[in-house]
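# Survey of secondary and tertiary structure
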Amino acid sequence: MWDLLLPAFALMLVFEGLMPFLSPRRWRALFEQVTRLTDGQLRFLGLASMLVGLVLLAVLGR
């Protein structure tokens, strides 16, 4: 399991760092907008993100 989990985590960190590296101003503005969302909106975004990830894993895992 660790042979997949650690590289996946490392890849997530690479993707997470792309926007702040390439466009710090836009990333900051987006981050400020996200802080204004309600708890329900944030939960929905988190759920949607997890579902998209699970679908991608299911499709790519076949």
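Report on the accompanying structure. Keep in mind that this is a model prediction, so the values were computed, not measured.

As a further point, take the overall build of the protein. Across its full length, the protein carries 3 helices and 0 strands. Ordered by position in the sequence, the α and β elements of the protein form the string α-α-α. Relative to a compact globule of 62 residues, whose C-alpha radius of gyration would be 11 Å, the protein shows 15 Å and is clearly more extended. When its C-alpha atoms are laid out on the principal axes, the protein stretches across 35 × 30 × 20 Å. With 62 residues in all, the protein has 0% of them scored as buried. As displayed, the protein has an accessible area near 6000 Å², and 72% of this comes from carbon and sulfur atoms. Between the centroid of the 6 positive side chains of the protein and the centroid of its 4 negative side chains there is a distance of 9 Å.

In contact at an axis separation of 5 Å, helix α1 (residues 2-22) and helix α2 (residues 24-35) are set at 115° when each is read in the N-to-C sense. On the basis of their axis angle, the class for α1 and α2 is roughly perpendicular. Contacts between α1 and α2 involve M19, P20, F21 and L22 from the first element and P24, R26, W27 and L30 from the second. Considered class by class, the residues forming the contact of α1 with α2 number 7 nonpolar, no polar and 1 charged.

Calculation notes
- Residues numbered from 1 in each chain as written.
- Predicted model: local features only at pLDDT ≥ 70, side-chain atom pairs only at ≥ 80, totals over all residues.
- Heavy atoms only, no water.
- Helix = DSSP H or I, 4+ residues; strand = E, 2+ residues; numbered from the N terminus.
- Rg over C-alpha atoms; globule rule 2.2 N^0.38 Å.
- Buried < 20%, exposed > 50% of the residue type's maximum accessible area, 1.4 Å probe, protein only.
- Areas by Shrake-Rupley, 256 points an atom, 1.4 Å probe, with all protein chains shown as cover.
- Lys, Arg positive; Asp, Glu negative; His and termini not counted.
- Charge placed at Lys NZ, Arg CZ, Asp CG, Glu CD.
- Axes fitted to C-alpha atoms, helices over the stretch in contact; angles between N-to-C directions.
- Parallel < 35°, antiparallel > 145°, perpendicular 65-115°, else oblique.
- Contact = heavy atoms within 4.5 Å.
- Nonpolar A, V, L, I, M, F, W, Y, C, P; charged D, E, K, R; others polar.

The analysis is restricted to geometry; functional conclusions fall outside its scope.
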